[in-house]
Amino acid sequence: MDALATNWHDRAARLDIRTKAFIDGRYVDAASGKTFEDVSPRDGKVLARVAECDAEDVDRAVASARKAFESGVWRDQHPRDRKRVLLKLAQLIEQNADELALLETLDMGKPIRDSRSIDIPLSARCMQYYGEAIDKLYDEVGPSGPNSMSLILREPLGVIAAVVPWNFPLMMAVWKLAPALATGNSVVLKPAEQSPLTAIRLAELAVEAGLPPGVLNVLPGFGETAGQALGRHMDVDMIAFTGSTEVGKYFMRYSGESNLKRVSLECGGKTPHIVMPDAADLDLAAKNAAGGIFFNQGEVCNAGSRLLVHESIKDEFLAKVVEYGKSWTPGDPLDWNSRTGAMVDDRQHGRVLSYIEKGKAEGAVLKSGGNAARTETGGFYIEPTVFDGVDSGMTIAREEIFGPVLSTLTFRTTEEAFRIANDTIYGLAAAIWTKDLSVAMKAAKTIKAGSVWINCFDAGDITTPFGGFKQSGFGRDKSLHALDKYTDLKSVWIEL
Ligand code: NAD
C-alpha cells in the first residue's frame, strides 16, 4: 500500500498548530489581542483560534518589511545567497509536507491526497524554480551608439503585500512570495481568513531557511480590516492579489485613493470547456470535463464550469460526464481515497446551494446531484452537480459559482461555440477537444483567455504564465514573466 495512505487521522489529532501573526521574525499576538475562530469545514468544529490582525498590525508589519528592505539585509545579498535561502526553504516545505498537507486539509477541506500530492509539492517546486532562476538573470545594455552607454536595470519594488484566497492556500501564497522574494523585495502576506494555517507555519520555515527577520511577515485577519489596510497603506509599493473580481476592483480603488501602489490581480473565471464532435477520445474528454469542474470541490478559478458540447453528441457525452462525476462524490478529507472533500465554509456551502436552486428556477435541467452531502458530519459537503439545458443568459452560465456545479450548453457551429465561449466578463482559461488542428488553433486565437488547453484540461507547469484577460485580472503568476511585476526598470545613461 502507498506509504502515505494511512494514519492521517492519528496525525491530525497530534498536530501542533501555530496561530499567531508573524512580524519582524517572530510570532506575536494581534496588537488588539483579538482572535477569531478558524473552523474546519470537515466537521464544522473550531480547529484553532487565530490572531485577528487589523490596521495596527498592518502598520507594524509594513514598518518591519520596510526596515528590512531599506537596510539591504536581503535585497543586497548576492543572488547566489538569496538562491541558497529559497532552495533551503523549498527543501523545508518538502520535509514538512505531511504537516503542511494536514494543516491545509483540516483548514479548507480539500482531500489529504490532493494537499499531500499536489498543493504542497507544487509549492516547494515553485519556490525552488524562482530560487534557481535568480542568479541566472541579466539586465540589459541598450543600443545607444558609440559615444554613450545605456543600462536598463531591474530593481525590486520594496514592500509587497500579498493578499490570497483559500482554495489553494499555500500554493497561491507561494506563487506570489517566491518571485517577490527572489527579486529582493520584502513581503507582508495576508492569507484568507478561512485558511491561514499553512501561511503562518511557512513564515517560521522561512526564518529557519535563513530569511532575515522582517523580509516575510504574515498577518492572519479579515479582508475588510487587514486586507483593506494593506490596500490603502501609504508605504506598501505593490499589492499582489488573488481572489474574486469584486475584491480585485476594491484593490484598484484602494490604490487610486492612496499612493498609486502597483496592483496585480488574479481574479475569477467561467472557463468554457468545448467538445467538438470529432474529438479523438470522447471518454477521455468526458473524464476531463468531470475532473475539470469537480476537482478541489469546484473551488478552482479556472474550473471548466461551462461545458459547451456539439448538439449531435450532447446526450451521449453528458451521460459519460454524469457517470465519471460519481467518482467525485465527497468523502472524509482525511481519508486517502477521497477525491473530493468539503466546501471551505458554511457561507460558501450555502452560496453554492443557492446557485443550484437558481439554476432550477431559471429552467435548467438537473441531471445529477444538487444536494448537500454528509450532513451528519457537521461539515459542508455538496454532491457533484450537473445541469443540462443551460443557455448563456442564465445566472449559472454567467456567474462564478466556485463549487461542484457544471452548466451544459450546446452549439451547432464552431463560430457559435467560440461566440458562447467569449460571452462572459471573464477570460482566465478555455479548453477544446478536437482532432482538427485548424479548429483548435482558431480556438486558441479567438477565445479571449490567458490559457487555452487543446485536448487536455488544466495542463501546464511552473514554466508557463498563468493569469487572466478581461475581468479575470491582469499580471501573470508563474514562469519568468512573474518576475516583471515585482521589479521596476531603471534606465542609466552614461556619456563616454
Ligand atoms: P475573496 O476575493 O473573497 O478573498 C480573497 C482575499 O481578499 C482574502 O484574503 C480576503 O480576506 C481578502 N479580502 C476580502 N474582502 C476584502 C476587502 N474588502 N478588502 C481587502 N481584502 C479583502 O476571494 P476568495 O473567496 O477567498 O477566493 C475565491 C476567488 O478567488 C474566486 O473568485 C476565484 O476565482 C479566485 N481565484 C483566482 C485565482 C487566479 O489565479 N485567477 C486563483 C485562485 C482563486
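See the structure above.
1. Comments concerning the overall build of the protein chain
- Along its length, the protein chain carries 15 helices and 24 strands.
- Along the three orthogonal principal directions, the C-alpha set of the protein chain runs to about 70 × 65 × 50 Å.
- For the protein chain, the residues scored as buried account for 58% of the 496 residues in total.
- Restricting to contacts in the protein chain with at least 6 residues of sequence separation, those with at least 24 account for 75%.

2. Looking at the pairing of strand 20 (residues 429-433)
- Counted residue by residue, strand 20 has five buried out of five residues, so it is predominantly covered.
- With burial as the criterion, each face of strand 20 is covered, one bearing Ala429, Ala431 and Trp433 and the other bearing Ala430 and Ile432.
- Here strand 12 (residues 272-275) runs beside strand 20; their pairing, made up of three bridges, is parallel. Within strand 20, the position partnered with histidine 273 by the bridge is alanine 431.

3. Remarks on the side chain of serine 186
- With respect to the helices and strands, serine 186 occurs in strand 8 (residues 186-190).
- Each residue touching serine 186, except ones within four places of it in the same chain, is listed here: Ala65, Ala68, Phe69, Gly158, Val159, Ile160, Gly214 and Val215.

4. A few points about the pattern of salt bridges
- This structure, assessed with the given rule, holds 33 salt bridges.
- One salt bridge in this structure joins arginine 60 and aspartate 57, with 2.7 Å as the shortest N-O distance. Here arginine 60 pairs with aspartate 57, and both are found in helix 2 (residues 55-71), just three residues apart, close to one helical turn.
- Taking the relative accessible area as the measure of exposure, arginine 60 reaches 32% and is therefore partly exposed.
- Overall, the relative accessible area of 0% leaves aspartate 57 in the buried class.
- We note a salt bridge from arginine 75 to aspartate 76, for which the minimum N-O separation is 4.0 Å.
- Given the relative accessible area of 27%, arginine 75 is considered partly exposed.

5. Things to note about a nonpolar patch on the surface
- A contiguous nonpolar surface patch, about 380 Å² in accessible area, is contributed by Val141, Met149, Ile494 and Leu496.
- Relative to the helices and strands, isoleucine 494 is located in strand 24 (residues 487-495).
- Here isoleucine 494 falls in the partly exposed class, since its relative accessible area comes to 31%.

6. Digging into the packing of helix 2 against helix 8 (residues 223-232)
- Closest axis-to-axis distance for the helix 2/helix 8 pair is 8 Å, and the angle between their directions is 45°. One element, helix 2, and the other, helix 8, form an angle in the oblique class. As helix 2 runs across helix 8, the sense of the crossing is right-handed. Counting all contacts with helix 2, which are made through Ala55, Val58 and Val62, the residues of helix 8 involved are Ala226, Ala229 and Leu230.
- Tallied by class, residues from the contact of helix 2 with helix 8 come to six nonpolar, no polar and no charged.

7. Here we look at the site of the ligand
- Looking at the ligand, there are 29 residues lining it, with Glu193, Ser244, Tyr254, Cys267 and Glu400 nearest.
- In this structure, valine 164 approaches the ligand through a main-chain N or O atom, which is 2.8 Å from an oxygen atom.
- Measuring from a nitrogen atom of the ligand, one finds a side-chain N or O atom of tyrosine 254 at 2.7 Å.
- Protein contacts shield 92% of the accessible area of the ligand, which totals 850 Å² for the unbound molecule.
- Broken down by element, the shell around the ligand gets its largest block of residues, four residues, from helix 9 (residues 245-257).
- Split into classes, the residues belonging to the shell around the ligand amount to 17 nonpolar, eight polar and four charged.

8. Section: the sheet that holds strand 21 (residues 451-454)
- One open sheet holds the seven strands; their spatial order is 14-17-18-13-12-20-21, and the pairing between them is mixed. The two strands at the open ends of the sheet, each matched to only one other strand, are strand 14 (365-368) and strand 21. With direction set aside, neighbouring strand axes in the sheet form an average angle of 25°.
- Note that strand 14 and strand 17 (residues 385-388) share three bridges and pair antiparallel. Following the sheet pairing, serine 368 is matched in strand 17 by valine 386.
- Those strands touched by helix 14 (residues 414-422) are strand 12, strand 13 (306-310), strand 18 (405-411) and strand 20, and its axis lies near 145° from that of strand 18.

Parameters at a glance
- Residues numbered from 1 in each chain as written.
- Predicted model: local features only at pLDDT ≥ 70, side-chain atom pairs only at ≥ 80, totals over all residues.
- Heavy atoms only, no water.
- Helix = DSSP H or I, 4+ residues; strand = E, 2+ residues; numbered from the N terminus.
- Buried < 20%, exposed > 50% of the residue type's maximum accessible area, 1.4 Å probe, protein only.
- Contact = heavy atoms within 4.5 Å.
- Pairing = 2+ DSSP bridges.
- Salt bridge = Lys/Arg side-chain N within 4 Å of Asp/Glu carboxyl O.
- Patch = residues over 30% accessible without salt bridge, like charges linked within 9 Å, V, L, I, M, F, W, Y side chains within 5 Å.
- Areas by Shrake-Rupley, 256 points an atom, 1.4 Å probe, with all protein chains shown as cover.
- Axes fitted to C-alpha atoms, helices over the stretch in contact; angles between N-to-C directions.
- Parallel < 35°, antiparallel > 145°, perpendicular 65-115°, else oblique.
- Left-handed = near helix turned anticlockwise from the far one by under 90°.
- Nonpolar A, V, L, I, M, F, W, Y, C, P; charged D, E, K, R; others polar.
- Near = heavy atom within 4 Å.
- Polar contact = N/O pair within 3.5 Å; in protein donor to acceptor, adjacent residues only side chain to side chain.

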